[in-house]
Amino acid sequence: MIMNEKIKASELLLTGLDGEDLGIVSRTEALAMAKELKADLVCESLMSSPPPCKLMRRGSAKNEASRQKREEKVKEQPAKVKELRLSVDIEQHDYETKQRQAAKLLESGNAVLLVVRITGKEGPKAKALLEQLAGDLKPHGQKQTGIQVSGKQAAVQLNPN
């Protein structure tokens, strides 16, 4: 983002503080206007001629630039896979708690790996529990793969919508 005196173009397509179109103005006139209104002159793009610039409240341009930088940084980070462990004989209240936790994680952009520990012949029960939980979390995320039952655990990964 190019601001104030760093803008080198001789003529600018200027937009005012409240979004009103001020037309094509010389650089010196635009800088004088910015100084008079105690504002910053911000160039939005150098790709066109004359470059579109706008007047922004002093400091808000820098705040906006840092906010955009932060948002881009967050988007760049890969989604983390968070694991939630359950047991086959889970009570309704605990089930609802795990469901809320999973929904919260999916809403924040993380993938959730739901794992159920199995002992003996609890495989079908565990699979049914994971099916039910995946169904209840459908508004927040979808299954990446089917439910895998292997050895001592059953698992399914949900990715955010």
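About the thresholds
Residues numbered from 1 in each chain as written. Predicted model: local features only at pLDDT ≥ 70, side-chain atom pairs only at ≥ 80, totals over all residues. Heavy atoms only, no water. Helix = DSSP H or I, 4+ residues; strand = E, 2+ residues; numbered from the N terminus. Polar contact = N/O pair within 3.5 Å; in protein donor to acceptor, adjacent residues only side chain to side chain. Contact = heavy atoms within 4.5 Å. Core = buried A, V, L, I, M, F, W, Y, C linked by side-chain atoms within 4.5 Å. Buried < 20%, exposed > 50% of the residue type's maximum accessible area, 1.4 Å probe, protein only. Pairing = 2+ DSSP bridges. Axes fitted to C-alpha atoms, helices over the stretch in contact; angles between N-to-C directions. pLDDT = per-residue confidence, 0-100. Salt bridge = Lys/Arg side-chain N within 4 Å of Asp/Glu carboxyl O. Expected span 1.5 Å × (residues − 1). Arc of directions from axis to C-beta.

## So, the side chain of Gln157
Here Gln157 is to be found in strand S10 (residues 153-160). In terms of polar contacts, Gln157 uses its side chain to reach the side chain of Gln144, at 2.8 Å. Only 3.2 Å separates the side chain of Gln157 from the side chain of Asn159, close enough to count as a polar contact. Residues in contact with Gln157, not counting those within four places in the same chain, are Val81, Ala111, Val112, Leu113, Gln142, Lys143, Gln144 and Thr145.

## Focus: the nonpolar core
It is characteristic of soluble globular proteins that their nonpolar side chains tend to be buried jointly. Within the largest apolar cluster, 23 residues are counted, with the highest numbers of intra-cluster contacts made by Leu86, Val112, Leu114, Val116, Leu130 and Leu137. When contributions to this core are tallied by element, the ones reaching two or more residues are strand S6 (81-87), helix H3 (92-107), strand S7 (111-117), helix H4 (123-136) and S10. The next biggest cluster of nonpolar side chains, apart from the first, holds 11 residues, and it includes Leu14, Ala34, Cys43 and Leu55.

## So, the sheet that holds strand S2 (residues 11-15)
Taken together, five strands build an open sheet; the order of strands is S1-S4-S5-S2-S3 and the sheet is mixed. What marks the edges here is a single partner per strand, and that holds for strand S1 (2-3) and strand S3 (21-26). Against the sheet, helix H1 (residues 27-36) touches S2, S3, strand S4 (39-43) and strand S5 (52-57), its axis set at about 125° to S3. Packed onto the sheet, helix H2 (residues 60-76) meets S1, S4 and S5 and runs at close to 105° relative to S5.

## Some thoughts on the confidence of the model for the chain
Looking at the chain, pLDDT values average 90 and 98% of them are 70 or higher. Averaged over each element, pLDDT in the chain is lowest for H2 (82) and highest for H3 (95).

## Re the pattern of salt bridges
This model, assessed by the stated rule, comprises six salt bridges. Between Arg58 and Asp40 there is a salt bridge, and its shortest N-O distance comes to 3.6 Å. In this pair, Arg58 is assigned in the loop between S5 and H2 and Asp40 in strand S4, connecting sequence segments 18 residues apart. A relative accessible area of 52% places Arg58 in the exposed class. On the basis of relative accessible area, Asp40 is assigned to the buried category, the value being 6%. A salt bridge links Lys125 to Asp89; the nearest nitrogen and oxygen atoms lie 3.3 Å apart. Of this pair, Lys125 sits in helix H4 while Asp89 is found in the loop between S6 and H3, placing the two residues 36 residues apart along the sequence. Taking relative accessible area as the criterion, Asp89 reaches 55% and is therefore assigned exposed.

## Things to note about H4
With 14 residues, H4 should reach 20 Å at 1.5 Å per residue; the first-to-last C-alpha distance of 20 Å fits that figure. Those residues of H4 that sit buried are Gly123, Ala126, Leu129, Leu130, Leu133 and Ala134. Viewed along the axis of H4, the buried residues span an arc of 130°, placing them on a single side of the element. Summarising the contacts, the buried residues of H4 are in contact with S6, H3, S7, strand S8 (141-143), strand S9 (148-150) and S10.

## Some remarks on the environment of Gln99
As for its placement among the helices and strands, Gln99 is situated in helix H3. Residues Gln99 and Leu84 lie 15 residues apart in sequence; the distance between their C-alpha atoms is 9.7 Å. If near-sequence neighbours (up to four positions away) are discounted, Gln99 is found in contact with Leu133, Asp136 and Leu137.

## What about the pairing of S3?
With five bridges joining them, S2 and S3 adopt antiparallel strand pairing. Among the inter-strand pairings, Glu11 is bridged to a residue of S3, identified as Ser26. Hairpin connection from S2 to S3: five residues lie between these consecutive antiparallel strands, with Gly19 at a positive phi of about 85°.

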